[in-house]
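Remarks on the overall topology
Letter by letter, the chains look like this.
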Amino acid sequence: MKHSLLANGRRIVYYDTGHENGKAPLVLLHGFCEDASVWNTILSQLKPIRIIRIDLPGFGGSDLPLAPGMEVYAEAVCAVLNELGLTRCVLAGHSMGGYTALAFGHKYPERLAGLALIHSHPFEDNLERKENRRRGIEMLRDGKKDLYVAQLFPGLFAPGFARDHPEVVDALIRQGQKQTDAGIVAALEGMIDRRDHRDTLEAVPCPVLFVYGELDSIIPETWISEVVNLPVIAGACRLGGVGHMGMFEAPGVLAESLLRFYGFCLERIAAGM
Ligand code: MLT
């Protein structure tokens, strides 16, 4: 179930579960300061299908990337697919995992049978976000990782959820504090430098699903309405009362929408598309 491979001398850890259908698995990419374990909340509901979860370089058990960048993460995803002999996948990324999925779609469009952006978007960072990330890098370089991570997670949840489920927020903070300083810094640098991917959304030859939260403090709903019509085939799932962390705040609805989307992508493959 847990596997690893070496790409350019760096270890990439991934988890392979569920049933092979000879077509395309669902590949799940976690967000910033997280690792593949963030998907545990929806795994049992997704059981009927083959799921590959990857620790992006510098997180979980995976080695640091050779250089920062969403493209470098995308190459790691491609290395896992190649290792498993998979020509295509349905790729779903949460937040920074979605930025990675877009970089993947730009570099390897023919490998996508579907693309799901979960609390994610195609825009590059504005100046304010770049500045915030630079401040984060300074904190990490000053040895303040624990404080940085403790301040990061509470605001990602809808206020009501964070109040009612402090144990969920605390567990994520503890998990985030286990990630390495260098991995977190590389992710921040990679997000600062990432490009706008609206053109990628227009060009990808597969259906695109947007899952977004009504109360997401990182991604206003208007950002999704601006881009939802860019892909040739697109669907959207709005999670009412949810912030940025649907896999914890609304795992049932998130899993259901991913299953439906995955089924749709598989039907297209069966129809020769
Ligand atoms: C994430 O959850 O991956 C981050 O919030 C993404 C970001 O900071 O843009």
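Let me begin by describing the structure that accompanies this report. In this text, all values refer to a predicted model and were calculated from it rather than measured experimentally.

Conventions used here
- Residue positions within a chain follow its written sequence, with the count starting from 1.
- With pLDDT at 70 or above as the cut-off, local features in this predicted model cover only qualifying residues; side-chain atom pairs require 80 or more to be listed or tallied, and sums for whole chains, interfaces and linings still use all residues.
- With hydrogens and water set aside, each side-chain value is computed from the structure's full complement of heavy atoms.
- Think of it in three bands: residues with accessible area under 20% of the maximum for their type are buried, residues over 50% are exposed, and the middle band is partly exposed, with areas taken using a 1.4 Å probe on protein chains only.
- Going along the chain from the N terminus, every DSSP run of H or I of four or more residues is numbered as a helix, and every run of E of two or more is numbered as a strand.
- Each C-beta atom gives one direction from the helix axis, and the arc is the one those directions make.
- In what follows, residue pairs with any heavy atoms lying within 4.5 Å of each other are defined as contacts.
- Throughout, the term near means that a residue has one or more heavy atoms lying within 4 Å of the molecule or strand in question.
- Any pair of N or O atoms that falls within 3.5 Å is considered a polar contact. Within protein, one atom must be able to donate a hydrogen and the other to accept it, and sequence-neighbouring residues count only if both atoms are side-chain atoms.
- Each accessible area is a Shrake-Rupley result for a 1.4 Å probe, and residues are judged covered by the shown protein chains and nothing else.
- Gly counts as polar in this scheme, as do all residues outside two lists: the nonpolar Ala, Val, Leu, Ile, Met, Phe, Trp, Tyr, Cys and Pro, and the charged Asp, Glu, Lys and Arg.
- Here the expected length of a helix is defined as 1.5 Å per residue gap, with one fewer gap than residues.
- Think of it this way: a Phe, Tyr or Trp ring, Trp meaning its six-membered ring, pairs with another when their centres are within 6.5 Å, and the plane angle makes it stacked under 30 degrees, edge-to-face over 60, tilted otherwise.
- When DSSP finds two or more bridges between a pair of strands, those strands are recorded as paired.
- Working convention: axes come from line fits to C-alpha atoms, limited for helices to the stretch in contact. Angles between N-to-C directions cover 0 to 180 degrees.

**Structural notes on helix 5 (residues 145-152)**
- Among all positions of helix 5, only Lys 145, Tyr 148 and Val 149 are buried. One face of helix 5 carries all of its buried residues, which in axial projection span an arc of 90 degrees.
- Buried-residue contacts for helix 5 involve helix 4 (127-141), helix 7 (166-178) and helix 8 (181-192).

**Side note on the site of the ligand**
- Lining the immediate surroundings of the ligand are Gly 31, Phe 32, Ser 95, Met 96, Tyr 99, Arg 133, Met 191, Ile 218 and His 244.
- Measuring from an oxygen atom of the ligand, one finds a backbone N or O atom of Phe 32 at 2.8 Å.
- Burial of the ligand by the protein chains amounts to 94% of its free accessible area of 270 Å².
- Per-class residue counts for the shell around the ligand are five nonpolar, three polar and one charged.

**Topic: helix 12 (residues 251-270)**
- Along its 20 residues, helix 12 runs 28 Å from first to last C-alpha, staying within 8% of the 28 Å computed at 1.5 Å per residue.
- Within the span of helix 12, buried status applies to Leu 254, Ala 255, Ser 257, Leu 258, Phe 261, Tyr 262, Cys 265, Leu 266, Arg 268 and Ile 269.
- Just downstream of helix 12, Gly 272 is the residue with a positive phi angle, here 85 degrees.

**Considerations on the packing of aromatic side chains**
- Applying the stated rule across the entire model yields five aromatic pairs.
- Their ring planes at 75 degrees and their centres at 6.4 Å tell us that Phe 32 and Tyr 148 sit as a pair that is edge-to-face. Taken together, the residues span a long stretch of sequence, with Phe 32 in the loop between strand 3 (26-29) and helix 1 (40-43) and Tyr 148 in helix 5 at a distance of 116 residues. The pair formed by Phe 32 and Tyr 148 is uniform in burial state, with each residue classed as buried.
- Feature note: the residues Phe 157, Phe 161 and Phe 248 constitute an aromatic cluster, connected by ring pairs.

**Some remarks on the sheet that holds strand 5 (residues 89-94)**
- Ordered in space as 1-2-4-3-5-6-7-8, the eight strands form an open sheet in which the pairing is mixed. Each end of this open sheet is capped by a strand with a single partner; those strands are strand 1 (2-7) and strand 8 (234-239). Sheet twist, expressed as the mean angle between neighbouring strand axes with direction ignored, is 20 degrees.
- The pairing of strand 3 with strand 5 spans four bridges and is parallel. By the bridge assignment, Leu 29 is partnered in strand 5 with Gly 93.
- Contacting strand 3, strand 5, strand 6 (112-118), strand 7 (208-213) and strand 8, helix 12 runs over the sheet at an angle of about 160 degrees to strand 6.

**Quick notes on the environment of Ile 192**
- Mapped onto the elements of the fold, Ile 192 is located in helix 8.
- Looking at Ile 192, the relative accessible area reads 8%, which means it is buried.
- Sequence spacing of Ile 192 and Asp 125 is 67 residues, and the spatial spacing of their C-alpha atoms is 6.3 Å.
- With near-sequence residues (within four places) excluded, Ile 192 lies in contact with Asp 125, Lys 130, Arg 133, Arg 134 and Ile 137.

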